[in-house]
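Here are the chains, one letter per residue:
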Amino acid sequence: MIKVENLHKSFGKLDVLKGINYEVREKEVVCVIGPSGSGKSTFLRCINLLEEITDGAIYIEGVQVNDSKTDINLIRTEVGMVFQQFNLFPHMTVIENITMAPMFIRKLSKSEAENLALELLDKVGLREKAYNYPQQLSGGQQQRVAIARALAMKPKVMLFDEPTSALDPEMVKEVLDVMKQLAHEGMTMVVVTHEMGFAREVADRVVFMDGGYIVEQGQPEKLFDAPQNERTKAFLGKIL
Amino acid sequence: MDFLDMRWDLIWDYREFFINGIWVTIVLTICGYIGGIIFGVFLGLGKTSKRKWLYWPCKLYVDLFRGTPMLVQILIIHLALIPTVFGQSFGFMVSGITALILNSAAYNAEIIRAGIESIDKGQMEAARSLGLTHGQAMRRVILPQAIRRMIPPLGNEFIALLKDSSLVTVIAANDILYAAKIVSGAHFRFWEPYLVAAVLYLLLTFIITKLVAFIERRFSIDYNPRKKREGRVDV
Ligand SMILES: Nc1ncnc2c1ncn2[C@@H]1O[C@H](COP(=O)(O)OP(=O)(O)OP(=O)(O)O)[C@@H](O)[C@H]1O
Ligand SMILES: [Mg+2]
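Owing to the predicted nature of the structure, the values given are computational and were not obtained by experimental measurement. (Residues numbered from 1 in each chain as written. Chains lettered and ligands numbered in written order. Predicted model: local features only at pLDDT ≥ 70, side-chain atom pairs only at ≥ 80, totals over all residues. Heavy atoms only, no water.)

Focus on the overall build of chain A
Part 1 of the argument: Scanning chain A for helices and strands turns up nine helices and ten strands.
Part 2 of the argument: For a compact globule of 240 residues, the expected C-alpha radius of gyration is about 18 Å, and chain A comes in at 18 Å, within 12% of that figure.
Part 3 of the argument: Dimensions of chain A, computed from C-alpha atoms along their principal axes, come out at roughly 55 × 45 × 30 Å.
Part 4 of the argument: Every one of the 240 residues in chain A was classed for burial, and the buried ones make up 58%.
Part 5 of the argument: Nonlocal contacts in chain A, meaning residues at least 24 apart in sequence, comprise 65% of its contacts between residues at least 6 apart.
Part 6 of the argument: For chain A, the exposed surface amounts to about 10300 Å²; the carbon and sulfur share of it is 47%.
Part 7 of the argument: Between the centroid of the 28 positive side chains of chain A and the centroid of its 33 negative side chains there is a distance of 2 Å. (Helix = DSSP H or I, 4+ residues; strand = E, 2+ residues; numbered from the N terminus. Rg over C-alpha atoms; globule rule 2.2 N^0.38 Å. Buried < 20%, exposed > 50% of the residue type's maximum accessible area, 1.4 Å probe, protein only. Contact = heavy atoms within 4.5 Å. Areas by Shrake-Rupley, 256 points an atom, 1.4 Å probe, with all protein chains shown as cover. Lys, Arg positive; Asp, Glu negative; His and termini not counted. Charge placed at Lys NZ, Arg CZ, Asp CG, Glu CD.)

Quick look at the nonpolar core
Part 1 of the argument: Counting 94 residues, the largest nonpolar core has A:Ile2, A:Leu7, A:Phe43, A:Ile58 and B:Phe18 as its most contacted members.
Part 2 of the argument: In contact with A:Leu7, not counting residues within four places along its chain, are A:Leu17, A:Lys18, A:Gly19, A:Ile20, A:Phe43, A:Cys46, A:Ile53, A:Asp55, A:Gly56 and A:Ile58.
Part 3 of the argument: Within the second largest apolar cluster, 51 residues are counted, among which are A:Ala152, A:Val191, A:Phe208 and A:Val215. (Core = buried A, V, L, I, M, F, W, Y, C linked by side-chain atoms within 4.5 Å.)

Some points on the confidence of the model for chain B
Residue and element names in this part refer to chain B.
Part 1 of the argument: On average, residues of chain B score 90 in pLDDT, and 91% of them reach the 70 mark or higher.
Part 2 of the argument: Confidence drops under a pLDDT of 50 for residues 225–235, and excluding neighbours within four residues, the segment shows 19 contacts in the predicted structure.
Part 3 of the argument: Model confidence for the complex is summarised by a pTM of 0.86, with the ipTM given as 0.94. (pLDDT = per-residue confidence, 0-100.)

Here we look at the packing of aromatic side chains
Part 1 of the argument: For the structure shown, the criterion picks out seven aromatic pairs over all chains.
Part 2 of the argument: Where A:Phe208 meets A:Phe235, the ring centres are 5.1 Å apart and the plane angle is 35 degrees; that geometry is what we call tilted. Separated by 27 residues along the polypeptide, A:Phe208 in strand 9 (residues 205–210) and A:Phe235 in helix 9 (residues 230–239) bring together distant segments of the chain. Each member of the pair, A:Phe208 as well as A:Phe235, is classed as buried.
Part 3 of the argument: Relative to B:Tyr61, the ring of B:Phe39 has its centre 5.3 Å away and its plane inclined at 70 degrees; by these criteria the two rings are edge-to-face. Taken together, the residues B:Phe39 in helix 2 (residues 15–48) and B:Tyr61 in helix 3 (residues 52–66) connect sequence positions 22 residues apart.
Part 4 of the argument: Members of the aromatic cluster, joined through ring pairs, are B:Phe39, B:Tyr61 and B:Phe65.
Part 5 of the argument: Above the plane of the ring of A:Phe89 lies A:Arg149, whose end atom (NZ or CZ) is 4.4 Å from the centre. (Phe/Tyr/Trp six-rings, centres within 6.5 Å; stacked < 30°, edge-to-face > 60°. Lys NZ or Arg CZ within 6 Å of the ring centre and 35° of its normal.)

Focus on the UniProt feature "domain: ABC transmembrane type-1" (unreviewed entry) in chain B
Part 1 of the argument: Taken from the UniProt record, the annotation "domain: ABC transmembrane type-1" (unreviewed entry) applies to residues 22–212 of chain B.
Part 2 of the argument: The span residues 22–212 of chain B is 84% helical and 0% strand by assignment, and the distance between its end C-alpha atoms comes to 20 Å. (UniProt positions renumbered as here; feature names shortened; annotations may be inferred.)

Brief notes about the sheet that holds strand 8 (residues 188–192) of chain A
Residues and elements named next belong to chain A.
Part 1 of the argument: In space, the six strands of this open sheet follow the order 6-7-8-3-9-10, with mixed pairing throughout. Looking at which strands have only one partner, the edges of the open sheet turn out to be strand 6 (79–82) and strand 10 (213–218). Between one strand axis and the next, the sheet turns through 20 degrees on average, direction left out of account.
Part 2 of the argument: Here strand 3 (residues 29–33) runs beside strand 9; their pairing, made up of four bridges, is parallel. When the bridges of strand 9 are listed, Val32 appears paired with Val207.
Part 3 of the argument: Against the sheet, helix 5 (residues 139–151) makes contact with strand 6 and strand 7 (157–161), and its axis sits at roughly 170 degrees relative to strand 6, the strand it touches most.
Part 4 of the argument: In the packing of helix 9 onto the sheet, contacts are made with strand 3, strand 9 and strand 10, and the angle to strand 9 comes to roughly 100 degrees. (Pairing = 2+ DSSP bridges. Axes fitted to C-alpha atoms, helices over the stretch in contact; angles between N-to-C directions.)

Describing unusual backbone geometry
Part 1 of the argument: In this structure, A:Lys154 is a non-glycine residue whose phi angle is positive, near 50 degrees.
Part 2 of the argument: By the secondary structure assignment, A:Lys154 is in the loop between helix 5 and strand 7.
Part 3 of the argument: The exposed category is assigned to A:Lys154, whose relative accessible area is 57%.
Part 4 of the argument: The phi dihedral of B:Ala172 is positive, around 65 degrees, even though this residue is not glycine.
Part 5 of the argument: Here B:Ala172 lies in the loop between helix 7 (134–164) and helix 8 (176–187).

Describing the site of ligand 1
Residue and element names in this part refer to chain A.
Part 1 of the argument: If you check the shell around ligand 1, you find Phe11, Leu14, Val16, Pro35, Ser36, Gly37, Ser38, Gly39, Lys40, Ser41, Thr42 and Glu162 and nothing else.
Part 2 of the argument: Within the contact set of ligand 1, an oxygen atom lies 2.6 Å away from a side-chain nitrogen or oxygen of Ser36.
Part 3 of the argument: Here an oxygen atom of ligand 1 and a side-chain polar atom of Ser41 are 2.6 Å apart.
Part 4 of the argument: Relative to its free-state accessible area of 630 Å², ligand 1 is covered by the protein chains to the extent of 60%.
Part 5 of the argument: Mapped onto the shell around ligand 1, the elements with two or more residues apiece are strand 2 (14–24) and helix 1 (40–47).
Part 6 of the argument: For the shell around ligand 1, a count of residues per class yields four nonpolar, six polar and two charged. (Near = heavy atom within 4 Å. Polar contact = N/O pair within 3.5 Å; in protein donor to acceptor, adjacent residues only side chain to side chain. Nonpolar A, V, L, I, M, F, W, Y, C, P; charged D, E, K, R; others polar.)

Structural notes on helix 6 (residues 121–129) of chain B
An α-helical turn contains 3.6 residues, so any two residues separated by three or four positions project in the same direction.
Part 1 of the argument: With eight of its nine residues buried, helix 6 of chain B lies for the most part within the structure.
Part 2 of the argument: Of the surrounding secondary structure, the elements contacted by the buried residues of helix 6 of chain B are helix 1, helix 2 (72–78), strand 6 and helix 5 of chain A together with helix 7 of chain B.
Part 3 of the argument: Positive phi shows up at B:Gly131, right after helix 6 of chain B, with a value of about 105 degrees.

Overview of the interface of chain B and chain A
Part 1 of the argument: Contacts between the two partners involve 23 residues from chain B, matched on the other side by 27 residues from chain A.
Part 2 of the argument: Taken over both partners, the interface formed by chain B and chain A buries close to 2200 Å², and the fraction arising from carbon and sulfur atoms is 60%.
Part 3 of the argument: Scanning the region where chain B abuts chain A turns up one salt bridge.
Part 4 of the argument: A:Arg45 serves as the salt-bridge partner of B:Glu125, at 2.7 Å between the closest nitrogen and oxygen.
Part 5 of the argument: For the side of chain B that touches chain A, the secondary structure elements donating two or more residues are helix 6, helix 7 and helix 10 (225–229) of chain B. (Buried area = accessible area lost by both parts, 1.4 Å probe. Salt bridge = Lys/Arg side-chain N within 4 Å of Asp/Glu carboxyl O.)

Below is the structure:
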């Protein structure tokens, strides 16, 4: 589904990703963990080309993302992204946040888009907030709206960049529950997270990144309980 | 200074000049402002561009016009630029409006650039990640938020431009200040004509201030759903 080949990314002289090879299969949930600055966000952002790729290739369903012939806007409609800071549009109500792209890009009618939005709001448990503005919502609620907004484009893959790190502890669960449900429904997901409980429970595979490389990867039980690499052990020792 | 000996009757005799002056000042300012906003939008967008061939000319223009006195710009435009380019002068009105447009565009460009750049980077990224093009994201997501932040400084710019428009008297434009100069020149009275000119400018800036405050309220930054249901148009 997503194939990453020899991905390099540098910011000026700073090499952040130094050759990543990875493949995400359909319906798979992959959690990416690793120390701060190891390039997790950059990796995720390269997948939908929010960062320009320095070298290597990324394919989504066989289409090379970083090819000048590829319509990147089209690719992005197939790849949903959820950010640490939610990034809801503050000048739009919750429902407008969700319906904007489907109406504007998928050319749904207003009523079609609103029905879809209400359905998605039901799914994330926020139907009654449809006509509120984002700043009237708690962080956890905002993040659930952000998930609904991404889902409204009916993406084939969802990327999450530390979706719960900006939340107060009591709100983490409500967001993780939505993500778990999504995983059970068979959504292909790549999740950068520090929530090891979530990774253990939901992930099909866990990837440990450090220093711009994928150092180790495998099923959660294996990676968490019997890490092979020294750096993985050191990292897990610190956080578990 | 003999305050008790004010000759307000002189002003009354020259009322035609002052009334005409008010119109000239208003037309100069409004034309200059509208033109300056339109041109300023292009310059401001140019200054936010990553493309160097777009960025540098815009930056150069803005620095040039912000770095030189408006009085000098007016004289160059009226006496040198327009006669050279067109082979003739089109009068103080055309020169004056041109100068005001070119000058205020530079200031407006900075306001527009700053407004756009004040919007969190995440907004553009979120819009792009949904599949919007840069232009679509600008129009739907960035500008509606940025415009709210631009209104107060753009209002200040309107007031500044109104006051600066008095500089066109140097090319003999018959605006408010020019009427005062006529009176003072003919009768060697200074208090009355210039005080009247000052009060007229004050009146006009007062009206603009109220107007800007009104617009600001309509575009108010608190996104309150109730206001929306009352039929207010959000940008
Ligand atoms: N736009 C940028 N320009 C320059 N350097 C950047 C940029 N974005 C990221 N970096 C650098 O790239 C490195 C990797 O950043 P990245 O955000 O991918 O790390 P991360 O693994 O997501 O860390 P965290 O857990 O803190 O989010 C860091 O050293 C960071 O400073
Ligand atoms: Mg990160």
